[in-house]
Amino acid sequence: MTKADIIEGVYEKVGFSKKESAEIVELVFDTFKETLERGDKIKISGFGNFQVRQKKARVGRNPQTGKEIEISARRVLTFRPSAVLKAALNGEQIPENHSELDAAEEAAADAAEAAGLDPEDLDEELEELPEYKASVGGMKAKAE
């Protein structure tokens, strides 16, 4: 999907002119960009979280030569889908308490980052913990 497709979707569903639809979409993207440039998080309920993370400098290898090179520190954008989006992608029923699940996942990601862990690896790590399985299982059971 392209920005033009999004503008077309707004045009068709909302009934604004194409010019107004394009302006709205541009404003939304500009707002996202400005927010992320400041380092703030974007949380869209029922969709997911966008966050800028600081990555430390590290040593990597050139895959062609095997020579070690330093990869400089940089900021990267991460996206963590919400429980609602994950359920929709997997054809599952959307849990009624999805805001609780989203909040729990967000808190776990924040705690992992504070502990120096990569939140991207969090799902696999957490699924191994019996306490997490029990709490998520309980939340999913409540939703059903």
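Scroll up to find the structure.
What you see is a predicted model, and the numbers here were worked out from it, not measured in a lab.

Colleague: Describe in detail the pairing of strand 3 (residues 58–61), supporting the description with residues and values.
Modeller: Taken together, the four bridges between strand 3 and strand 4 (residues 68–71) define a ladder with antiparallel strand orientation. In the sheet register, Gly60 faces strand 4, and the bridge partner there is Ile69. A loop of six residues connects strand 3 with strand 4, the two strands running antiparallel in sequence, and Gly66 in this loop sits at a positive phi of about 80°.

Colleague: How would you explain the packing of aromatic side chains if you had to name every residue and give the values?
Modeller: Applying the stated criterion across every chain, the model contains three aromatic pairs. Centre to centre, the rings of Phe32 and Phe50 are 6.3 Å apart; their planes meet at 40°, and the pair counts as tilted. Pair noted here: Phe32 is in helix 2 (residues 18–37) and Phe50 is in strand 2 (residues 48–55), with a separation of 18 residues, a long-range link. By relative accessible area, which is 27% here, Phe32 ends up partly exposed. Exposure remark for Phe50: the relative accessible area of 18% places this residue in the buried category. Look at Phe50 and Phe79: their rings are 4.7 Å apart centre to centre, the planes differ by 40°, and that puts the pair in the tilted class. Linking Phe50 in strand 2 with Phe79 in strand 5 (residues 74–81), this pair joins segments that are 29 residues apart in sequence. In textbook terms, an aromatic cluster arises when at least three aromatic residues are bridged by ring pairs, as seen for Phe32, Phe47, Phe50 and Phe79. Between Lys18 and the ring centre of Tyr11, over which it is positioned, the NZ or CZ distance is 5.2 Å.

Colleague: I'd like a rundown of the packing of helix 1 (residues 3–14) against helix 2, residues and numbers included.
Modeller: Angle between the axes and distance between the axes are the two parameters that describe a pair of packed helices. Where helix 1 contacts helix 2, the axes come no closer than 8 Å and their chain directions differ by 125°. Relative to helix 2, the element helix 1 is oriented oblique. In this structure, helix 1 meets helix 2 at a crossing whose hand is right-handed. Side by side, helix 1 and helix 2 meet where Lys3, Ile6, Ile7, Glu8, Val10 and Tyr11 of the first sit next to Lys18, Ser21, Ala22, Val25, Glu26 and Phe29 of the second.

Colleague: Just give me the short version of the environment of Ile94, but keep the residues and values in it.
Modeller: Following the sequence through the fold, Ile94 ends up in the loop between helix 3 (83–89) and helix 4 (98–114). Sequence-wise, Ile94 and Gly46 are 48 residues apart; in three dimensions their C-alpha atoms are separated by 9.8 Å.

Parameters at a glance
Residues numbered from 1 in each chain as written. Predicted model: local features only at pLDDT ≥ 70, side-chain atom pairs only at ≥ 80, totals over all residues. Heavy atoms only, no water. Pairing = 2+ DSSP bridges. Helix = DSSP H or I, 4+ residues; strand = E, 2+ residues; numbered from the N terminus. Phe/Tyr/Trp six-rings, centres within 6.5 Å; stacked < 30°, edge-to-face > 60°. Buried < 20%, exposed > 50% of the residue type's maximum accessible area, 1.4 Å probe, protein only. Lys NZ or Arg CZ within 6 Å of the ring centre and 35° of its normal. Axes fitted to C-alpha atoms, helices over the stretch in contact; angles between N-to-C directions. Parallel < 35°, antiparallel > 145°, perpendicular 65-115°, else oblique. Left-handed = near helix turned anticlockwise from the far one by under 90°. Contact = heavy atoms within 4.5 Å.

In short, geometric facts, not functional conclusions.
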